[in-house]
Each structure stands twice: as structure tokens, then as C-alpha cells.
Amino acid sequence: MKPRVRIAPSPTGFLHVGVGRTALYNWLFARRHGGTFIVRSDDTDLERSSDEYAEDILEGLRWLGLDWDEGVEVGGPHEPYRQSLRLDRYREVAEGFLGEGKAYRCFCTPAELEKRREAAMAEGRPPGYDGRCRAIPAEEAAARTDPFSTRFAVPRPGETVFADLVRGEVRIDHGNIDDFVILRSDGSPTYQLASSVDDVDFEITHVVRGEDLLSSTPKHILIGEAMGGPPIAYAHLSLLFGPDGKKLSKRHGDTALRAYRERGILPEAMVNYLALLGWSPGEDETIVPRQVMQDRFDLGAVSRNPAIFDAAKLEWMNGVYIRNLEAADFLERTLPLVEEDLGRELDGAEVARLAGVAPLIQERARLLTEVPEQVRFLFVDEVPYDEASWNKVMKTEGVGEVIASALDRLTVLPEWTTAAIEETLRAMLEEKELSARKGLQPIRVAVSGSSVSPPLFESLESLGRTRTLARLAGVAARL
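Residue indices follow the written sequence of each chain, beginning from 1 at its first position. Given that this is a predicted model, residues contribute local features only at a pLDDT of at least 70 and side-chain atom pairs are listed and counted only at 80 or more, while totals for whole chains, interfaces and linings are drawn from all residues. No hydrogens and no water enter the side-chain calculation; it runs on all heavy atoms of the structure.

Asker: Which parts of the structure should I look at to understand the overall build of the protein chain?
Answerer: A tally of regular secondary structure across the protein chain gives 20 helices and twelve strands. Radius of gyration: over C-alpha atoms. The globule rule applied is 2.2 Å multiplied by the number of residues raised to the 0.38 power. Here the C-alpha radius of gyration of the protein chain, 31 Å, is well above what a compact globule of 479 residues would show, namely 23 Å. Summary of the burial criterion: residues with accessible area below 20% of their type's maximum are buried, those above 50% are exposed, and those between are partly exposed, where the area comes from a 1.4 Å probe applied to protein chains only. Relative to its 479 residues, the protein chain shows a buried fraction of 50%. Sequence separation of at least 24 residues holds for 75% of the intrachain contacts in the protein chain that already meet a minimum separation of 6. Carbon and sulfur atoms form 50% of the exposed surface of the protein chain, whose accessible area is close to 23,100 Å². Charged side chains of the protein chain number 59 positive and 78 negative; the gap between the two group centres comes to 4 Å. In this description a helix means any DSSP run of H or I spanning at least four residues, a strand means any run of E spanning at least two, and both kinds are numbered starting from the N terminus. Whether two residues are in contact is decided by their heavy atoms: any pair within 4.5 Å suffices. Surface accessibility follows the Shrake-Rupley procedure with a 1.4 Å probe radius. Residue values consider only the protein chains on display as shielding. A positive count includes Lys and Arg, and a negative count includes Asp and Glu. His and the chain ends are not counted in either. Taken as the charge centre is NZ of Lys, CZ of Arg, CG of Asp or CD of Glu, depending on the residue.

Asker: Got a minute to help me understand the packing of helix 16 (residues 399–411) against helix 17 (residues 418–432) in this structure?
Answerer: Relative placement of two packed helices is described by the angle separating their axes and the distance separating the axes. To define axes, lines are fitted to C-alpha atoms, for helices over the stretch in contact only, and angles between the resulting N-to-C directions are given on a 0 to 180 degree scale. Helix 17 packs onto helix 16 with a crossing angle of 140° between their chain directions and a minimal axis gap of 10 Å. With respect to their mutual orientation, helix 16 and helix 17 come out oblique. Crossing geometry of helix 16 relative to helix 17 is assigned as right-handed. Of helix 17, the residues touching helix 16 (which contributes Glu-401, Val-402, Ser-405, Ala-406, Arg-409 and Leu-410) are Ile-421, Thr-424, Leu-425, Ala-427, Met-428, Glu-431 and Lys-432. Here the word oblique covers every angle except those under 35 degrees (roughly parallel), over 145 (roughly antiparallel) and from 65 to 115 (roughly perpendicular). Take the far helix as the reference: if the near one is turned anticlockwise from it by less than a right angle, the crossing is left-handed, and if turned clockwise, right-handed.

Asker: How do you make sense of the sheet that holds strand 8 (residues 181–183) when you look at a structure like this?
Answerer: Taken in spatial order, the three strands of this open sheet run 4-5-8, and their pairing is antiparallel. The outermost strands of the open sheet, each flanked by one partner alone, are strand 4 (103–106) and strand 8. Neighbour to neighbour, the strand axes of the sheet diverge by 45° on average, direction disregarded. For two strands to pair, DSSP has to find at least two bridges joining them. Where strand 5 (residues 149–152) meets strand 8, two bridges bridge the pair, whose relative direction is antiparallel. Within strand 8, the position partnered with Thr-150 by the bridge is Leu-183.

Asker: What's the story with the pattern of salt bridges in this structure? I'm lost.
Answerer: A side chain with one charge can pair with a side chain of the opposite charge if their charged atoms come near. Salt bridges are defined as contacts in which a side-chain nitrogen from Lys or Arg sits within 4 Å of a carboxyl oxygen from Asp or Glu. For the structure shown, the criterion picks out 40 salt bridges. Residue Asp-56 is joined to Arg-258 by a salt bridge in which the shortest nitrogen-to-oxygen separation is 3.9 Å. Pair noted here: Asp-56 is in helix 2 (residues 51–63) and Arg-258 is in helix 8 (residues 257–262), with a separation of 202 residues, a long-range link. Looking at Arg-258, the relative accessible area reads 24%, which means it is partly exposed.

Asker: I'm lost on the side chain of Thr-205 in this one. Help?
Answerer: By the element assignment, Thr-205 lies in the loop between helix 6 (191–201) and strand 9 (206–210). Leaving out residues up to four positions away in the same chain, Thr-205 has contacts with Met-1, Lys-2, Pro-3, Arg-4, Ile-232 and Ala-233.

Asker: Just to check I follow, could you spell out the sheet that holds strand 1 (residues 4–7) for this structure?
Answerer: Strands belonging to one sheet form pairs held by backbone hydrogen bonds; the direction of such a pair is parallel or antiparallel. Taken in spatial order, the three strands of this open sheet run 1-2-3, and their pairing is parallel. Two strands bound the open sheet, and with one partner strand each, they are strand 1 and strand 3 (70–71). Sheet topology note: the strand 2 (residues 36–39)/strand 3 ladder contains two bridges and is parallel. Opposite Ile-38, over in strand 3, you have Glu-70 as the bridge partner. Sitting on the sheet, helix 1 (residues 17–32) is in contact with strand 1 and strand 2, with an inclination near 165° to strand 1.

Asker: I keep staring at the pairing of strand 2 and nothing clicks. Help me out?
Answerer: Working note: regular strand, side chains alternate between the two faces of the sheet. Of the two faces of strand 2, both are covered, the one formed by Thr-36 and Ile-38 as well as the one formed by Phe-37 and Val-39. Sheet topology places strand 1 next to strand 2; four bridges connect them, and they run parallel. The residue of strand 2 that forms the bridge with Val-5 is Phe-37. The handedness of a crossover follows from its direction of travel: if, with the strands pointing away from the viewer, the path from the first strand over the helix to the second runs clockwise, the crossover is right-handed. Once the chain exits strand 1 it traverses helix 1 before rejoining the sheet at strand 2, and the crossover so formed is right-handed.

Asker: It is not clear to me how empty space enclosed by the protein should be interpreted in this structure. Could you clarify?
Answerer: The gaps left among the atoms become clear once a water-sized probe is rolled over them. Lining residues are those with an atom within 4 Å of a point, where the points come from a 1 Å grid over the protein atoms alone and group into cavities, where a 1.4 Å probe fits but cannot get out, or pockets, open sets with protein on both sides within 12 Å along at least five of seven lines. Grid points are joined across faces, edges and corners, and a volume is the space filled by probe spheres set on the points. Under the counting rule described, the total for this entry stands at one cavity of 30 Å³ or more. Computed from the structure, the largest cavity encloses a volume of approximately 70 Å³. Looking at the largest cavity, the residues that line it are Pro-9, Pro-11, Val-39, Arg-40, Ser-41, Ala-54, Ile-57, Leu-58, Val-72 and Arg-82. At three residues, helix 2 tops the list of elements feeding residues into the lining of the largest cavity. The nonpolar class holds Ala, Val, Leu, Ile, Met, Phe, Trp, Tyr, Cys and Pro. Asp, Glu, Lys and Arg form the charged class, and all remaining residues, Gly among them, are polar. Of the residues contributing to the lining of the largest cavity, the split by class is seven nonpolar, one polar and two charged.

Asker: Just to check I follow, could you spell out the packing of aromatic side chains for this structure?
Answerer: Each aromatic ring pair is described using two quantities: the centre-to-centre distance and the angle formed by the ring planes. Within 6.5 Å between ring centres, the rings of Phe, Tyr and Trp (the latter by its six-membered ring) count as paired, and their orientation is classed by plane angle as stacked under 30 degrees, edge-to-face over 60, tilted in between. Going through the model one piece at a time under the given rule, you end up with eleven aromatic pairs. Between Tyr-25 and Phe-297 the ring centres are 5.1 Å apart and the planes differ by 55°, which places this aromatic pair in the tilted class. Highlighted residues: Tyr-25 in helix 1 and Phe-297 in the loop between helix 10 (290–296) and strand 12 (307–308), separated in sequence by 272 residues. Ring pairing ties together the aromatic residues Tyr-25, Trp-279 and Phe-297, which thus form one cluster. As a reminder, the over-ring test applies to NZ of lysine and CZ of arginine, requiring each to be within 6 Å of the ring centre and within 35 degrees of the ring normal. One cation-aromatic arrangement involves Arg-105 over Phe-148; the distance from NZ or CZ to the ring centre is 5.2 Å. A cation over an aromatic ring shows up here: Arg-151 above the ring of Tyr-129, its NZ or CZ 3.6 Å from the ring centre.

Asker: Explanation requested: the layout of surface pockets in the structure shown.
Answerer: Empty space within the largest pocket amounts to approximately 1,200 Å³. Around the largest pocket, the lining comprises 44 residues; the ones closest to its centre are Pro-9, Ser-10, His-16, Val-19 and Asp-212. Elements supplying a minimum of two residues to the lining of the largest pocket: strand 1, helix 1, helix 6, strand 9 and helix 8. Sorting elements by how many residues they give to the lining of the largest pocket places helix 1 first, with four residues.

Rendered as C-alpha cells:
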């Protein structure tokens with residue numbers, strides 16, 4: 001039987017990079033085995049869920065190139081794929097469990113539960129639910145009119161055993177599992193009930209998710225068995241950690257996938273990086289094409305050890321992918337960023353100017369968002385001077401003489417080409433016995449406003465004679 005897998009994020013926050021990796025592993029597993037990849041929305045937490053988060057999740061999955069075969073927006077034979085639209089189904093299952101003696105009504109109030117929990121902790125006993133309402137005869141419980149929650153009656157004694165595809169055999173004694181709530185007193189389902197019912201109803205064969213949900217797995221297995229559903233295979237992925245060895249959090253930087261999209265990470269690079277966070281294609285490769293991932297992906301080869309999410313390594317990999325882009329592709333991806341930075345569209349001549357310097361930036365860039373800042377000076381009438389660059393470069397001794405000499409030489413240059421510009425400025429360096437840093441950096445800052453820009457000689461050719469000379473003259477007067 002071909003696998004049916006799902007990703008079921010809750011729209012209570014932006015798509016986390018860890019959820020992105022989980023989605024990728026599910027997608028790769030489905031594509032490797034010709035299976036079905038499903039996207040559903042676990043949106044029963046109505047107070048914290050929002051349309052903004054729901055759209056961000058779908059947008060993030062699309063950005064990664066993870067198309068889904070069933071689910072939200074694409075439909076399928078098990079519609080609807082939003083839990084908030086399936087509440088009656090969850091109540092139906094809970095009612096069935098009550099009728100079959102697989103669940104029972106619990107009349108304990110939150111205050112009573114808290115009081116007993118505190119007493120148990122004070123006496124050194126486990127603070128979990130003590131199961132006292134389980135002893136109430138079903139007929140008596142059904143006749144009561146006071147509020148109740150519905151608890152699953154965990155079989156006792158007993159043990160749940162399953163073979164985790166990543167972690168190996170897992171054994172959980174039922175003595176360590178409370179009779180857990182599946183339906184709250186307001187009729188809303190808990191995560192354990194809703195997720196388990198969906199997995200059975202949607203005919204899920206494999207659940208691939210983070211190990212933070214491992215403690216819920218015995219409960220899901222018990223609910224699935226109580227429904228008469230077929231066994232489901234589980235694979236629990238290690239959590240992502242920061243470079244300091246601690247669980248990935250905001251102290252390590254951004255954790256939302258959208259932040260990396262906005263910083264100029266290519267989706268191809270992100271997919272490659274996420275895939276290698278716990279899995280190896282088997283040949284010690286770092287840059288792995290998507291098709292190779294699909295052909296080789298194996299859940300059994302996923303490591304159970306924590307994976308380190310290092311933004312610096314991601315940026316390095318992104319730089320590799322940027323350099324591997326076709327020139328036209330690089331221009332197509334960066335043009336909208338440049339226009340957004342300028343607040344206007346570029347005309348034909350300006351696009352050609354950008355295309356001329358784009359390959360020079362492409363060789364050095366790690367992020368697409370580095371491009372607008374580096375080319376802005378080519379498309380504005382006046383450049384704002386970066387204070388740090390000005391103080392470091394333009395306040396050193398002899399800078400005024402360098403600018404004046406460059407202005408004199410470039411003014412009489414017969415032809416305005418990269419080769420001619422380089423020849424005359426290098427002749428200036430030799431004549432004045434200046435290093436490239438002392439002789440060329442002032443010119444770079446004068447024309448671009450920063451000490452970081454594309455290669456100088458090509459930049460001057462692209463900027464043009466008139467604007468280059470005007471900027472040099474303006475700086476000479478300022479100095």
C-alpha cells in the first residue's frame with residue numbers, strides 16, 4: 001500500500017523552520033514512494049488561530065515547493081481538512097466511546113483537580129489524574145446534569161509498544177498514562193482526540209513529526225485502536241537546536257520561515273539545508289538537488305540525534321546557490337527587490353545597467369537582499385554617505401589629494417570603459433605610491449556612499465562619466 005502522510009500545523013503562529021523541515025521530510029517520503037502528501041489545519045484553538053497565520057503556513061509550504069495532493073485549498077475525498085469544521089465528528093467518536101465503555105464522564109472541576117494535584121505533589125505522589133470518576137457507574141453518570149469532561153479509559157493493566165522508524169522500539173506502560181481528557185466540558189475536542197480521529201478518517205499510514213509529540217503517541221495509538229483503525233507507523237524527528245546546543249528559540253535569531261524568505265534566502269537553498277538537518281543522502285554531499293533527495297530519502301536513515309540549525313551555514317549554502325543561478329534568473333529574482341528599495345520601477349536603460357553589474361554582485365552575495373544596497377548608488381541622483389564608511393575612509397590623511405587627482409585624470413579620459421578607467425587609476429596609484437586600499441577606497445566611498453559596493457572600475461563605467469565626475473567633485477568640495 002502506498003503511504004499517506006500529513007502535515008498538520010496549527011495556525012497559532014508563523015510557520016516555524018522546524019515545522020518546515022517536518023513538512024519536507026513528509027513530502028520527500030511521499031514522493032519517494034509514490035504516496036499522498038496531505039496538508040490539514042489543526043485549528044481547534046480558535047482563540048489563538050488566525051487567518052494571517054494560516055496563510056503564512058500555506059505560503060511557506062508553497063515557497064519551499066512542497067505541493068500537496070489533498071488538503072486545505074486543494075480538497076480531496078476526506079473534506080473538510082480543517083479541524084474547526086469537523087467538531088461534530090469528534091463529538092460523535094467521543095459519544096461512541098462513552099457508549100462502548102471506552103471513555104467515561106468526569107465531573108471533577110478544575111479547582112478540585114488542582115487541589116488534588118497539589119496534595120499529590122506535597123506527598124511525593126504522581127500528580128496525574130487519579131481516575132476517581134471512572135468508578136461511577138455509567139448509568140449514574142449519564143443521569144447527572146452537572147458539567148463534565150470526557151476521559152478516555154486507558155486499559156489497565158497494559159502496555160503500548162510501537163516500532164518508531166527513527167527511534168526504534170518504544171514501550172510505554174499504561175501505569176504512566178493518565179485517563180486523559182478527549183472532550184472538554186464545553187464540547188471542544190483535545191488535540192489527542194482530534195488528531196487521532198483525523199489520522200484514522202484520512203487513512204494516514206505514517207505519522208512523521210517532532211519528538212516533542214512522542215508522549216502523545218501512545219494516546220493516539222489507543223484512540224486509533226478504540227476506533228478500529230489500522231495500525232499507523234510513527235517516526236519522531238529530533239528537535240532543532242541552536243549552535244550553542246540548546247533548543248532552537250528566538251535567542252538564536254529568527255525561527256519563522258518567513259524571516260528567511262524576507263532576508264533573501266533562496267527556497268532551493270532552504271530545502272537543501274533543511275533536508276540535511278538530521279538526514280544524509282549517503283555520499284557525504286552538501287549541495288543536493290531536489291530530485292536526488294526524492295530518489296534517496298529514507299526515514300530509516302534519519303538520525304535520532306539533535307540537529308543544529310546554524311544561520312551562518314545556511315547563508316553560506318545560499319551563496320553557493322546564488323552563484324549557481326543563471327545570470328537571467330539572478331536578474332529576475334533581484335530586480336523586484338531593487339525596485340522595491342528604490343520605490344519605483346526601473347526603465348529599460350536602468351535594467352540594462354543593473355544587468356551589467358549583476359554578475360559582479362552574484363559572485364559575492366550570500367543573500368538576495370544584499371543586492372539593492374550595493375546597486376542603489378547607480379539609480380539615485382544623490383547618494384547618502386554611510387557614516388561608518390565616511391569616518392573610516394574619508395577622514396584619513398591625503399584623501400582630498402586622492403579625490404582631486406582621480407577627478408583630474410578621469411575628466412580627460414578619452415573613452416569611458418572599465419579597462420580605460422582601471423588603467424588611469426592604477427597609474428595614479430603607481431605615481432603616488434599608494435596602495436589600492438588608500439587610493440581606491442576613497443573613490444569607492446565618494447561615488448557609492450559606502451566602502452562596500454561592486455568592483456570599482458566596473459561600477460564607474462556603469463555609473464557613467466557625468467555622474468561619476470559630479471560625485472567626485474561634490475566630495476572634493478566637501479573635503
